[in-house]
Amino acid sequence: MMWNREIETLSCAELAAREENALANQFAYLMTHSAFYQEKFRGAQKTITRAELATLPFTEKDELRASQETHPPFGNYLAAPIENVSRVHKTSGTTGRPLYIALTARDIETTHECGARAYVGAGLQRGDRVVHCLNYQMWAGGVTDHLSLERAGATVIPFGVGNTHVLLRTIRDLGIHAISSTPSYLVHLADIVRSELHIEPHELGLRKGFFGGEPGLQNPNVRGAIERTWNLRAMDANYGMADVLSIFGAECERRDGLHFHGQGALLVELIDPATLKPLAIETGARGELVYTNLTRAAQPLIRYRSHDAAEIVSAEPCACGRTGFRFRVLGRSDDMVHVRGVNVFPTAIAEVLASFPELSGEFQVVLDTPPPYNQLPLRVELAPTAAQDNVSHLNALLVRTLQERLNFRAAIELVPHGTLPRTEGKTSRVVKTYP
Ligand SMILES: [Zn+2]
């Protein structure tokens, strides 16, 4: 099942031709309507090719924050007349002042088109009864994702978060069989089903889960636990960045990375976050995702750094028929450490360590000196049950496994269980002790 077969199966060459055309038009629009970019790209020509795009400076979130401070409320990167703004969202602002996101009717249309591709790709079918449990309070994950689910043909129940007693009753009353939420919400809900309804979660009848907003599902243990507990199919269905496009990544039934679903709306570049040089989007490439809006009217962005690091799982067409490249998110690109020419991401280290039952999964990259690094010092925590007598053997095995799997040399200090602080969500694993 595809939402838009024509665009989802475009060849690379056809897509590139469309992008080239859209980019030229969009850049001309920016240079006549966006005071922010007129100033930033002062002296630039009025149109641009894909190749020339890579020569332009990046746009950073801090610049947008400053722009909204000096030109409230939407910043001087608002390129459309203010009366054309139909909807306003806010970013979560976990790392500073939140941004107000303005969308015109056309921006909204594009958002829901790409959202529908993602949800249908992740297995949503017409008539699926979905309860949408993401925060509706200004966050794009609320009303915007709700309307993408509707666009994709679902019957959508706008629930939001909180009031789980009413939620459980609503699921039963309406015979709801699908849920859209963060993965961790289902872990929380399982406890409530047991304590309030005195049944096992799988007896509630949810059979499809469309998840986003958190990285959790890429951990096979997290996904497996949700699927077993609820007897549902858990899909990573909702990756995006409200600043550029609310949803543009979702798994297909093969579950081998997130398909890119922003064709025609978003141009993606991959860069090396250390050198800032462009990288080819080819199978196995790792770098930071950088976005350029191709059609956005209200707050179009050029070369916007996501600071999200990703691996291109495959740039080849998928067995499902889609040609959109597949990627997986590795974490914050700012956490990347360069070790003897190899880009190492803490998320990748976490995946390797997770396969060792002797470890708790907690670790830190401890940088006592500035770069360059020939080897990477890691503090790795043992599981509570780990036998202390075999520690040197384990240490050697870890060094060898990290070398084989991630191609860098680690210097490992194994520490007793409970030594390291627990990391959650976006907490950095990298500890710098040098000034
Ligand atoms: Zn696929």
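Everything below is about the structure printed above this text.
Attention shifts here to the overall build of the protein. Across its full length, the protein carries 12 helices and 20 strands. Going through the 435 residues of the protein one by one, you find that 43% of them count as buried. A separation of at least 24 residues holds for 66% of the contacts in the protein among residues at least 6 apart in sequence.

Our next topic: the environment of Leu420. Of note, Leu420 is situated in the loop between β19 (410-415) and β20 (430-432). By the C-beta count within 10 Å, which is 18 here, Leu420 ends up partly exposed. Along the backbone, Leu420 and Arg379 are 41 residues apart, and their C-alpha atoms lie at a distance of 8.5 Å. Sequence-distant contacts of Leu420, defined by excluding residues within four places in its chain, comprise Glu362, Gln364, Arg379, Glu381 and Val415.

Between Pro72 and Pro73 the backbone carries a cis peptide bond, its omega angle lying at 0 degrees. Among the structural elements, Pro73 can be located in the loop between α5 (61-70) and β1 (85-90). For the bond running from Pro371 to Pro372, omega is 10 degrees, close enough to zero to count as cis. Note that Pro372 resides in the loop between β17 (359-367) and β18 (376-382). In the Ramachandran plot, Arg303 falls in the positive-phi region, its phi being about 45 degrees despite a non-glycine side chain.

What follows concerns the nonpolar core. Grouped together as the largest cluster of nonpolar side chains are 105 residues, with contacts concentrated most on Tyr119 and Leu266. Residue contributions to this core peak at 5 residues, all from helix α6 (residues 105-121). The two domains that each donate at least three residues to this core are domain 1 (1-266 + 294-300 + 314-327) and domain 2 (337-432). The contact partners of Leu266, leaving out residues within four places of it in the chain, are Val244, Leu245, Phe248, Tyr291, Asn293 and Leu294.

Turning our attention to the packing of helix α9 (residues 183-197) against helix α10 (residues 220-230). Interaxial distance between α9 and α10 falls to 10 Å at its minimum, and their mutual angle equals 40 degrees. Taken together, α9 and α10 sit at an angle that is classed as oblique. Considering how the two elements wind past one another, α9 and α10 form a crossing that is left-handed. Across the interface between the two elements, Pro183, Leu186 and Ala190 from α9 touch Val222, Ile226, Thr229 and Trp230 from α10. Within the contact of α9 with α10, the residues separate by chemical class into 6 nonpolar, 1 polar and no charged.

About the thresholds
Residues numbered from 1 in each chain as written. Predicted model: local features only at pLDDT ≥ 70, side-chain atom pairs only at ≥ 80, totals over all residues. Helix = DSSP H or I, 4+ residues; strand = E, 2+ residues; numbered from the N terminus. Buried ≥ 20, exposed ≤ 12 C-beta atoms within 10 Å, placed from the backbone. Contact = placed C-beta atoms within 7 Å. Core = buried A, V, L, I, M, F, W, Y, C linked by C-beta atoms within 7 Å. Domains from an automatic or database assignment. Axes fitted to C-alpha atoms, helices over the stretch in contact; angles between N-to-C directions. Parallel < 35°, antiparallel > 145°, perpendicular 65-115°, else oblique. Left-handed = near helix turned anticlockwise from the far one by under 90°. Nonpolar A, V, L, I, M, F, W, Y, C, P; charged D, E, K, R; others polar.

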